[in-house]
Amino acid sequence: MPRSKIMSGTALALVMLAMAPATILATPAMARTKTAQAASAPQTPMPYDARRGVFTFAAGLERSLPAVVQVTTLGSSSGPSSDDEEPTAMQGGSGVVIDAAQGIVVTNNHVIKGGSKFTVDLTDGRLFDATLIGADTATDLAVLRIEPIDGQPLNLSQVEIADSDTLRTGDLAFAVGYPLGLDQTLTMGVISGLGRSGLGDAVEDYIQTDAAVNSGNSGGPLLDSRGRLIGINTSILSGGQDMFGMGGGNDGIAFAVPTRIMRFVTDQLRANGEVSRGRIGAIMGSLNAERARGLGLRIVRGAIVEDVAPGSPAEGAGLRRNDVITRIQNRPVANAGSVQATVGIAAPGTRMDILYLRDGREHTTSLSVEAPTPSSVVVGASVVEAFGAQFGDASSLPVSEDNKTPGAPTSGVLVLSVEGGSVAAQRALQAGDLVMSVGGRSVGDLASLASALSGAETLPALSVRRGEETVEITETSRPVQASEPDVVMIEVPAGS
C-alpha cells in the first residue's frame, strides 16, 4: 500500500480521536456501565455509538445497503456441440433499487450493453431475472425491472434519494458495490468536486469523489453520510498500468452521475423507454485556451456559441456566433456539456436565464426550451451539427496543420469538433477531417452536406481526407485507443 494512503488513513484516525472528549481517553473504566457510556458520548455532530464506544456511520448506511444489488449481464453464444444458444455471463456490475414496489433498479448503460438477459443478486442471497426497461448512452444510465418469481411479492428495500444540488465540496461520500469479484463493499471518501465535465459523455455534470471505486462498482450508488442516494458511480480517472500490464485501478478520482440528472433520465425511461431532451437551437463548442486567446478572453471555462439555427430560441434570445455562455440557470458553465446537461433535463417551455460574454463584456438574456425535433441535423448559417459532430465549409474555415498537405482538396466540409460519447465519436470521426462524400454522394459545401444527412436515422458512411490519407467512416469504424495512455477515462467495467 502506498505510504500516502497509509498516512491519509492515519490522519483520519487522529482527527476522529482528537474530536473525542477527554473523559473517553482519561477514564476507560467509564465504559463499564451504560450510565457511564451515555455520559461519555461526545457532544459533536460525528455519529457516535455509545454502547460500543466507537464513531460510526452504520446507523444511516445500513438502511440503504440492502437496496444495493449485483447486476449480471448475459449474452447468447453457441456451444461447441449444440446448435442451441445458451446465455453466458458477459459482464456485470452494481445497481441500486429506487422503487421497491415496482422492482426498479438503476445501473450503468455500459453494464448492460449488448446483453440479452439480466440477473440481479440481492444481499439476502435471492436471485432474480430482470427486464431492461431502457438505457441512455448520453448519461450512461440504464433502468431494469426485477421480475417476481411465481407472482410472489418481491419484498425489496429501496434507497432514499437526496437532492444532489445541495451537495458541497468536502461532504462525506460512500461508494457501495461489488468490486473485483468481492461481495458487497463500502468505501468512504469526500466530494472532491462538483459539475465536472469534459470527460467523454454527451451530457456531463459529474460528482467527483475520492471514495475507492473499482471494476465492478459501475452502476452502484454514491451515498451521503445519512445513507441517501446522491449519484450513480460511472467512471474513474486512472493513470498508468499495474504489474500485470492492466490499467483501470483506483487512483482516488471517481465520477458519479448526480441524482438531479438521474431522476430526469429514469423517469423518462420508465415512462417512454427512451429519453427526449429539450433544445435551444444553438450549436455549442467548448472554450479552451486557444479559443480564449483568439477571442481576447482571460477565462478558459465556458461554452462558445458556434452558430444558431434560424427561428430557434437561441436566435430569438439574441445569441450570436462567438458569444461565450458562462452561466445558465445560475449554474456555472464549464464547457458545452454543461449547457446540454441543463437544457437536456428541462421540460419544453421552461424559461432559462443566460449570462454570456460578447466582446469581453457581460450580457444577460433568457429563452424558452423547445421540444426536440425528429431531425438529428441542426443547420445554422455557417455550421451544421449532426450526430454529435460539427461541420463547417472548408473553403471559409482554416484547415488544421494535418490537412495542409500538397494537393489537399480545397472543397469539401471540415469537421470542426466531435462530441464525446456521440455517434460520430463512436465511428472514429475526428476534428480536422475533410468530408468528401456522404453515403456515396459528393459534398462540396454545407448545403449539400445537410441535404445528404437529411432524414438519416444514423450517421451514413463518410469518405474523409485525414492528412494525406483517405479514410472511410462506416458503422464498423471504431476509435483507435492509445496502447499506453498516461491518463485514461474508464467506464468502470464490471466484474471480470
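Scroll up to find the structure this text is about.
Residues numbered from 1 in each chain as written. Predicted model: local features only at pLDDT ≥ 70, side-chain atom pairs only at ≥ 80, totals over all residues. Heavy atoms only, no water.

J.: I keep staring at the overall build of the chain and nothing clicks. Help me out?
T.: The helix and strand inventory of the chain stands at eleven helices and 29 strands. The proportion of buried residues among the 496 residues of the chain is 46%. Of the contacts made within the chain by residues no fewer than 6 positions apart, 60% connect residues no fewer than 24 positions apart. When the accessible area of the chain is evaluated, it comes to approximately 24400 Å², of which 51% is carbon and sulfur surface. (Helix = DSSP H or I, 4+ residues; strand = E, 2+ residues; numbered from the N terminus. Buried < 20%, exposed > 50% of the residue type's maximum accessible area, 1.4 Å probe, protein only. Contact = heavy atoms within 4.5 Å. Areas by Shrake-Rupley, 256 points an atom, 1.4 Å probe, with all protein chains shown as cover.)

J.: I would appreciate a short explanation of helix 6 (residues 259–272) in the present structure.
T.: Each turn of an α-helix holds 3.6 residues, which means side chains three or four residues apart point in the same direction. Between its first and last C-alpha atoms helix 6 spans 19 Å; for 14 residues at 1.5 Å apiece the expected length is 20 Å, and the two agree. Gly-273, located one to two residues past helix 6, shows a positive phi value of around 80°. (Expected span 1.5 Å × (residues − 1).)

J.: Where do I start with unusual backbone geometry in this structure?
T.: Glycine aside, the phi torsion of most residues is negative, and most peptide linkages are trans. We note that Asp-150 has phi near 55°; this positive angle belongs to a residue other than glycine. Summarising the element assignment, Asp-150 is placed in the loop between strand 8 (141–146) and strand 9 (172–177). Exposure remark for Asp-150: the relative accessible area of 70% places this residue in the exposed category. Of note, Asn-155 is a non-glycine position whose phi angle comes to about 50°, a positive value. By relative accessible area, Asn-155 is classed as exposed at 62%.

J.: Honestly, the side chain of Gln-390 in this entry has me stumped. Any pointers?
T.: Position of Gln-390 relative to the elements: it lies in strand 23 (residues 389–393). Accessibility expressed as a relative area gives 4% for Gln-390, which makes it buried. A distance of 3.4 Å separates a polar atom in the side chain of Gln-390 from a polar atom in the side chain of Glu-385. The residues touching Gln-390, leaving out its near neighbours within four places in the chain, are Ile-283, Met-284, Gly-285, Glu-306, Val-383, Val-384, Glu-385, Leu-414, Val-415, Leu-416 and Ser-417. (Polar contact = N/O pair within 3.5 Å; in protein donor to acceptor, adjacent residues only side chain to side chain.)

In short, geometric facts, not functional conclusions.
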